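# Observations on chain architecture
Take a look at the letters that make up each chain.
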Amino acid sequence: EQKHRCLDGNKRQCLIRQRRRSWDGGVLRGVFNGRLLRVCLRTLRILSRDKKVLAPLVTDGALLTLAKLAGLTTSDTSEEDEPEKEAMKVLCNVVYNSSIAQEKFIFTKLKQLGVKLTSEEHQCVQCVQIDPKHNRRVNILKRFVSRLQTGGVSLLTAALERCLEVQWKDQYEGSLDPAAPPISLDASQQIIEILKILFNITHSSHRKVPSEDDAALYRHLVAILRLCLMRKSVLTTDADDHTVNLLSALPLQCLDVLLMVPLEQNSEQCEGRRLNMDCVHALLMFMERRLESGDKIKEKLTPILNLLTESCRAHRETRHYIRKHILPPLRDVTHRPEEGCTVKSRLIRLMTHLDTDVKHCAAELIFVLCKENVRRFVKYTGYGNAAGLLATRGLLGGQGFRTSSPDAHYSSDSDSDTEEYRQVKDRINPVTGRVEAEMPDPMEGMSEEEKEEEAKRLIMLFNKLSRDNIIQPMGVNAEGKLVPMSGLRGNPLIEETLSESESDEDAGEGTNR
């Protein structure tokens, strides 16, 4: 390997051509022995890491020979031998490093990579079988299927539909046979691999406006994903993880299919609106399980938080239902909002998490549930917990209502207070969000002159700490964002305060001298 690294580009290409001619001819004639084949493949594996010298390996003949050596042209699922593993590594390198190789696999040799297609009257793809036992084969599939875009979505959606054995009642209303046995381990693994590849294909379409045909395809996929969430399998947790990830990658306007299912006798539904909320309820239960486990919070929790946030912003009925479960009307305000074991308390605790992404996702969900209303947000979380998001959005000035997204759909209904809340509303500390025990007045018995002197003394202490770079005094500018006090000198009130404190400080230092 060290020798190969020392070769220049021309010599590498020459060596690749020599090795390729050797194993190509040897394989076709069937005279290659195992040891010589392994040496050639190991050499090609090292050389194929260089993008500049791949030309000899991206011809149809070379790619087909590699596919044959890697066992991709047969349906044999037995354990891979050493040459097969080496050939698969070479193929992975070539497809990863060469867009030409990717295009060739996509458009000319799809059947050679273990993807089996059948067609009916209209030549529609009905079945895709991906063998989960061959991890390297799945990796290579991810590389080139991800370039199929809409074609890949259609192909893999059909595969997912077949794995679940979906029975369609209406255009976007599917069902599963209740008498069918639980999904097997192999089928669950196959579903998970398909979900992973679909995520790779669709993750960039989340913010895009799909065409009419693409929207119909995505809605069909969402209808199947709904069944994935409602159907229990052997690998429920992993399958649900990837289902949530995929839902978060699809266009928001296509998620309305989650609610387009007729109500059943025991269905969850939104108050005043006859909509089936079973899937939304399943997503809420999934989020609660993630909150309770506390394992890998960023990787496991942020996707579901983002999905619920965007769904609440885009679909009013979803927001109504989720708010009822997460932010019920305030009654007991004797405890801090972050105290307790409710879903709301856990989410508010995450608003001060060390990880910026985690605390932003948690705060964003509650903010959207409050219709992005600052006063309501502070009411439910306390100003101390809310300050991070308010500072990020430039809302520290206390603006009453500001919608950040043009896609948000909020009704004009008001947030009515409960009788218990109204009785103690004036005694609630807005910073902590609870009724605080009455504390003695620290300035009791002091004259106005003494109070003024104490205030000036505190200002001098703050200035000294600031001058020594121990703290940095901040203020809120006209845009509601935190800025250093030095940046607010245009404000007359700030100018007066700063000039008085500086003069008082100079006088105090002169007295000390």
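Our subject in this report is the structure included herewith. In this text, all values refer to a predicted model and were calculated from it rather than measured experimentally. (Residues numbered from 1 in each chain as written. Predicted model: local features only at pLDDT ≥ 70, side-chain atom pairs only at ≥ 80, totals over all residues. Heavy atoms only, no water.)

What follows deals with the nonpolar core. By size, the foremost hydrophobic cluster in this structure holds 89 residues, and its most contacted members are L160, M287, I326, L347 and F377. Counting residues per element, this core draws most heavily on helix α10 (residues 212–230), at 11 residues. Discounting residues that sit within four places of it in the chain, L160 has contacts with I191, I194, L195, L198, L221, I224, L225 and C228. In terms of nonpolar packing, the next biggest core, distinct from the first, is built from 16 residues, L41, L57, L91 and A101 among them. (Core = buried A, V, L, I, M, F, W, Y, C linked by side-chain atoms within 4.5 Å. Buried < 20%, exposed > 50% of the residue type's maximum accessible area, 1.4 Å probe, protein only. Helix = DSSP H or I, 4+ residues; strand = E, 2+ residues; numbered from the N terminus. Contact = heavy atoms within 4.5 Å.)

On to the side chain of R226, then. Residue position: R226 is located in helix α10. One buried charge, R226, has no salt-bridge partner; the nearest side chain with opposite charge is D278, at 4.5 Å. Apart from the residues lying within four places of it in its own chain, the contact partners of R226 are L258, V261, N276, D278 and C279. (Lys, Arg positive; Asp, Glu negative; His and termini not counted. Salt bridge = Lys/Arg side-chain N within 4 Å of Asp/Glu carboxyl O.)

Here we take up the packing of aromatic side chains. Going through the model one piece at a time under the given rule, you end up with 1 aromatic pair. Judged by centre distance (5.0 Å) and plane angle (70°), the rings of F367 and F377 are edge-to-face. Placement of the pair is F367 in helix α16 (residues 356–369) and F377 in helix α17 (residues 374–381), with a sequence separation of 10 residues. You'll find F367 and F377 in the same group, each marked buried. Over the aromatic face of Y421 sits the side chain of K379, whose NZ or CZ is 4.8 Å from the ring centroid. (Phe/Tyr/Trp six-rings, centres within 6.5 Å; stacked < 30°, edge-to-face > 60°. Lys NZ or Arg CZ within 6 Å of the ring centre and 35° of its normal.)

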